Structure formats: C-alpha cells, structure tokens
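Listed below are the residues making up each chain.
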Number of protein chains: 2
Amino acid sequence: MQSEGVASRSADPSSPRGSRTGNPGGGTSGNGAPPVDAVSLAIIEQLQEDGRRPYAAIGKAVGLSEAAVRQRVQKLLDQGVMQIVAVTDPLTVGFRRQAMVGITVEGDLDPVADALTAMPEAEYVVMTAGSYDLLVEIVCEDDDHLLEVINKRIRALPGVRSTESFVYLKLKKQTYMWGTR
Amino acid sequence: MQSEGVASRSADPSSPRGSRTGNPGGGTSGNGAPPVDAVSLAIIEQLQEDGRRPYAAIGKAVGLSEAAVRQRVQKLLDQGVMQIVAVTDPLTVGFRRQAMVGITVEGDLDPVADALTAMPEAEYVVMTAGSYDLLVEIVCEDDDHLLEVINKRIRALPGVRSTESFVYLKLKKQTYMWGTR
DNA sequence: TTCGATCGTCACGGATTCCGCAGTTCTGGG
DNA sequence: CCCAGAACTGCGGAATCCGTGACGATCGAA
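Residues numbered from 1 in each chain as written. Chains lettered and ligands numbered in written order. Predicted model: local features only at pLDDT ≥ 70, side-chain atom pairs only at ≥ 80, totals over all residues. Heavy atoms only, no water.

Considering the overall build of chain A
Move 1: Assigned secondary structure in chain A consists of five helices and five strands.
Move 2: Secondary structure elements of chain A occur, N-terminal to C-terminal, as α-α-α-β-β-α-β-β-α-β.
Move 3: Residue burial in chain A is summarised as follows: out of 181 residues, 45% are buried.
Move 4: Taking all contacts inside chain A whose residues are at least 6 apart in sequence as the whole, residues at least 24 apart take part in 64%. (Helix = DSSP H or I, 4+ residues; strand = E, 2+ residues; numbered from the N terminus. Buried < 20%, exposed > 50% of the residue type's maximum accessible area, 1.4 Å probe, protein only. Contact = heavy atoms within 4.5 Å.)

Structure representation (structure tokens):
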C-alpha cells in the first residue's frame, strides 16, 4: 500500500563512502557520516513494509545472503539508523483527541522542552525557529483530558509565555521517520 | 511455569511502567469501541520496545502462552490496531532539514490535503481547527530542497492562501502512534 | 608494486522460534 | 441446563535465528 520509496527516495548515489574512512589508529567509533548505502536502504524498505519479515526473504528481495542481511540489520540497529517497533492507532487504543500546540517561551527553552518530554501525553516535542519556540503534539482521551493538559499543565510550566492549539480534525498521512538524537 | 493459568483478564494493577501506551479509560472502563484489553496493551508495549521480540518472551512477560500471544498479535495486525515496522532516522539517511508548515486554505481543504499527501517530502499531513487549516511536516535533504518544496510546490497549490513555516532546530521526543484512517 | 589489515560476504550446524493443529476451559445466551 | 463461540494450552515439524570460521575484495602504507 504505502508509497514505495518512503525513506529512500533520491537514492543519493553521491559519495557513499565519503572522503576516507580514516580510522587506522584503532578508534572503533569514528562514526560520523551516514554509513547507509543503497542495499541497506533496500533492506530498510523491506522492513518498513513488515518489521518481522525473515532475513532470508529480505535477502532474496535485495540479492543478499541471509547472514549478510542479518549482520546489516544488526548494524543498522546498533548504529541507530533505524528501529523496529510496533506503532499503534491512537483511536483504537482509546485516544480520541489529538492536537498540535505551538508554544512561545520566555528564557531558556530546555527546561520547558524537558518538562514536555516527560509528559506521557506528549507524543512529539520539537524546538523550532518561527513564531513558536516549541511544537508539541498531544494525544488525549477526550476533550476534557486535552483541555486539562493544555490549560493546566502546559500553560502552568514556568517560562511558558503563550500557547496556541490546533485540534486535529483528520489525519491524512503519517509515515515513520524518527530523529531524536 | 504458570502456576495458575489464570490469564490476568480483568484486574491486574501491576501495570508495567506507566508511560507508553498508557491506558486511557483506566483499564476496561466504559470504553466500548476499542477491542483491545489490558493484556493486548501489554503485548503492544513489549513490541514497542522491540518489534522482533519472540512470542515466547512476550508471553512470559505478560503471562500468556506463546500460541496465545501469536494469535493476539496476528489479530491486532489484522484489525489494524497496530503495525510492526522499521522507522528510520532522517539524518542518517540523508535528510537534514525538517519543518512544520501551517497552511491556510481558501475553499475546499480536501484537494489541497490530497496534493500534499502525494508529496514524498510530506511526512505528516493533518487537517486542523485553529489558525491554520492544515499542518504538514516536511522532510528534506537541505535548505534549498526545503525552500523549493515550500515556496515552489506548496505555495503554488491552488487554494493555498498562506503558509507559515517552523524549521526544526532540535527534535526532543518522538513516539510512535499512527492514525491514518 | 607488495604487504598488511579491515570489511563484507558466504557457508554451516545447533539452538531457538515460528506455525498449524487438536483438545480443553471459560464466557455469554437461549 | 445446554449450547455455541471464543480464547488458551500443549505438542510436534518445519523454518528461522545466531554464532563461528574462512574466503575474497578493497584500501592504506611501506
């Protein structure tokens, strides 16, 4: 169903192996560049369709042996390039109200962002440049719950100057990238 | 193993770690629609930590046999309550600029929303009530790409009255629910 | 050029897991 | 009370997962 090239559009064939590996000194890490080539991208694509697909099936699809796929997947997971997780439909698990909240802050952003991150209702927290300092996605059971979170908890945080809310009417598209580092 | 095969069906206050998948209605409250009970919620929680965790291990954690877990997982997938997928870090796969764009529209929202949904750079499209009609999350390779998407493609859509952009400075939290229906 | 070292890949065997198939128990109606 | 449906358990057989060792290629340095 989903469009195919979710994460791989524009395969970026330019300089996969950057300038030089340059770690003969023995430093095990030395990892800064995206070490993900077209094959790994294809593996990721397979796992984006089905996170439990057997390695052998993936290998057949991308032209690799089972062991090779296994090691690549393990490395991708270890390096934090991808995660394999279950994602749920908020509605079917009982959450009926979602909203994006734009927040302007007075002073340091970090404490506010951390406090929001700690809230279980905050699904998404990001610092932005624009007329808001922070954007937070809130997932709640119902209107009362949503009101309580926004009005009593978010607006009560020290440093929060103002908030503006956008209640979700209909979610049209949602794909899965993640970038917390 | 299980001394008493009692499937903790109803009351089991020994909730795992309140946070992810917090049960809204306080367990099996007057929530008729969601066909997902506390045990399935616990299973989902296990799979949110590791989408490839073996059924037997999940069963041990939630107090169910391997076969029972397998059947429940299959049903949850069939019913569309959850998906098991790989999620990627945009940065490591070559996308270095993200932004949320608030859009106000003249006339019908649907055609604009559909056009946005069709864009591969649009990671997230939602209709909202508030000072924007639509919120769109854009994932791009660099600033030029982002500028092109916002200025040339989004603002060029018929019906788009205005846009306001929030470039991501730092993503602090990201969890995985999904709700496209 | 030649050597040395690292990385990726392939191959294989044992332990584990997945999967289908009854049989049993529990719940809710008629 | 009896029945029907759903859910859970247990059990093999097949498939998969996982560690280990060896081969070949690439890159840097002498």
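There's more to say after this.
Quick look at the relation of the copies chain A and chain B
Move 1: Once chain A is rotated about the relating axis by 179° and shifted along it by 0.1 Å, it coincides with chain B to within an RMSD of 0.3 Å. Look at the turn and shift together and you get a two-fold axis relating the two. (Least-squares fit on C-alpha atoms with pLDDT ≥ 70 in both.)

Comments concerning the side chain of Thr163 of chain A
All names here are of chain A.
Move 1: Along the chain, the position of Thr163 falls in strand 5 (residues 160-174).
Move 2: By relative accessible area, Thr163 is classed as buried at 15%.
Move 3: Within polar-contact distance, the side chain of Thr163 engages the side chain of Arg155 at 2.5 Å.
Move 4: Not counting the four nearest positions on each side in its chain, Thr163 is found in contact with Val101, Gly102, Ile103, Ile150, Ile154 and Arg155. (Polar contact = N/O pair within 3.5 Å; in protein donor to acceptor, adjacent residues only side chain to side chain.)

Describing the pairing of strand 4 (residues 134-140) of chain A
Residue and element names in this part refer to chain A.
Move 1: Counted residue by residue, strand 4 has seven buried out of seven residues, so it is predominantly covered.
Move 2: Where strand 2 (residues 97-105) meets strand 4, seven bridges bridge the pair, whose relative direction is antiparallel. The residue of strand 4 that forms the bridge with Val101 is Val136.
Move 3: Where strand 3 (residues 122-129) hands over to strand 4, the hairpin turn is made up of four residues, of which Gly130 adopts a positive phi near 155°. (Pairing = 2+ DSSP bridges.)

These results come straight from atomic positions and should not be treated as a statement about function.
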